[in-house]
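Listed below are the residues making up each chain.
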Amino acid sequence: MRNPLRGISAAALVLAGATSGASAQPSDIAVSQAWTRAAGATAPTAAGYMTLRNRGASPDRLVGAETPAARAVEIHEQRMEDGVMRMRPLPGGIALPPGETVTLGPGGLHLMLVGPTRAFARGERVPLTLRFERAGEVAVELAVEAAGARRPSGHAGH
């Protein structure tokens, strides 16, 4: 059987994929200040926080995440409604407009790590893979801060 790609160089195939414009690249998404709080081995949940910047020219969306350190990861929003703080999952993910920054932090957007498989001790790092609609998978590590932390260490307060 004849190979239909015979005579096409590998460089041409790479160039064709790079110029298709069909999807963003992981490098279009910048992740900074990724962190979580210390949690005991029996904690039912933990939360993941970070800053996401879409450096690409197209909109993207955080659609999921996973970690070996928890049974599941869900995208959540916490907000005040009628004087009551409410938390709800965001099954549609988090929109990342081109050139914009979105912060996941306490009291707002965050990742809920459901059923941690171990304790998270201050100073450790928790591996996490983020899934974006266009950019695909981006691996990060959550720095474990003190149990009551409101921001990552080294963050300048306002």
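The model shown is predicted, which means the values in this text are computed figures rather than measured ones. (Residues numbered from 1 in each chain as written. Predicted model: local features only at pLDDT ≥ 70, side-chain atom pairs only at ≥ 80, totals over all residues. Heavy atoms only, no water.)

Details of the overall build of the protein
Line of reasoning, step 1. Within the protein, the secondary structure is distributed over one helix and 10 strands.
Line of reasoning, step 2. Beginning at the N terminus, the succession of helices and strands in the protein can be written as α-β-β-β-β-β-β-β-β-β-β.
Line of reasoning, step 3. Across the 158 residues that make up the protein, the buried fraction comes to 35%.
Line of reasoning, step 4. In the protein, of all internal contacts separated by at least 6 residues, the share reaching a separation of at least 24 is 68%. (Helix = DSSP H or I, 4+ residues; strand = E, 2+ residues; numbered from the N terminus. Buried < 20%, exposed > 50% of the residue type's maximum accessible area, 1.4 Å probe, protein only. Contact = heavy atoms within 4.5 Å.)

Looking at the packing of aromatic side chains
Line of reasoning, step 1. A full pass over the atoms with the stated rule returns one aromatic pair.
Line of reasoning, step 2. Judged by centre distance (4.6 Å) and plane angle (45°), the rings of W35 and Y49 are tilted. Placement of W35 in strand β1 (residues 29-37) and of Y49 in strand β2 (residues 45-54) is noted, with a sequence separation of 14 residues between them. In this pair, the class of W35 matches that of Y49, namely buried. (Phe/Tyr/Trp six-rings, centres within 6.5 Å; stacked < 30°, edge-to-face > 60°.)

Some words on unusual backbone geometry
Line of reasoning, step 1. The phi angle at Q33 is positive, at roughly 45°, despite the residue not being glycine.
Line of reasoning, step 2. Within the secondary structure layout, Q33 lies in strand β1.
Line of reasoning, step 3. Given a relative accessible area of 40%, Q33 falls into the partly exposed group.
Line of reasoning, step 4. Positioned with a positive phi, D82 is a non-glycine residue whose angle comes to about 55°.
Line of reasoning, step 5. Among the structural elements, D82 can be located in the loop between β4 (70-81) and β5 (84-89).

Structural notes on the side chain of T51
Line of reasoning, step 1. Structurally, T51 can be placed in strand β2.
Line of reasoning, step 2. The class of T51 is buried, set by a relative accessible area of 14%.
Line of reasoning, step 3. When near neighbours in sequence (up to four residues on either side) are disregarded, T51 contacts A30, V31, S32, Q33, T101, V102 and T103.

What to know about the pairing of strand β8 (residues 109-116)
The side chains of a regular strand alternate, residue by residue, between the two faces of the sheet.
Line of reasoning, step 1. Among the eight residues of β8, seven are classified as buried, and the element is accordingly described as predominantly covered.
Line of reasoning, step 2. In terms of strand pairing, β2 meets β8 through four bridges, oriented antiparallel. Counted as the bridge partner of A47 is M112 from β8.
Line of reasoning, step 3. Sheet topology note: the β4/β8 ladder contains seven bridges and is antiparallel. (Pairing = 2+ DSSP bridges.)

Some remarks on the confidence of the model for the protein
Line of reasoning, step 1. Here the protein shows a mean pLDDT of 85. Residues at 70 or above account for 80%.
Line of reasoning, step 2. Every residue in residues 1-22 scores below 50 in pLDDT, and together they form three contacts with partners more than four places removed in sequence or on other chains. (pLDDT = per-residue confidence, 0-100.)

Quick notes on the side chain of E77
Line of reasoning, step 1. Mapped onto the fold, E77 is located in strand β4.
Line of reasoning, step 2. Assessed through its relative accessible area of 16%, E77 is described here as buried.
Line of reasoning, step 3. Side-chain polar atoms of E77 contact the side chain of R79, separated by 3.3 Å.
Line of reasoning, step 4. Looking at E77, its side chain comes within polar contact range of the side chain of R88, at 2.8 Å.
Line of reasoning, step 5. Residues contacting E77, with those up to four places away along its chain left out, are R86, M87, R88, L90, G108, L109 and H110. (Polar contact = N/O pair within 3.5 Å; in protein donor to acceptor, adjacent residues only side chain to side chain.)

Let's talk about the pairing of strand β10 (residues 136-145)
Line of reasoning, step 1. Strand direction decides the pairing type here: β1 and β10, joined by three bridges, are parallel. What sits directly across from T36, in β10, is V144.
Line of reasoning, step 2. The pairing of strand β9 (residues 125-132) with β10 spans eight bridges and is antiparallel. Each residue of the ladder has a partner; that of R131, found in β10, is E137.
Line of reasoning, step 3. In textbook terms, the turn of a hairpin is the stretch between consecutive antiparallel strands, and for β9 and β10 this stretch comprises three residues.

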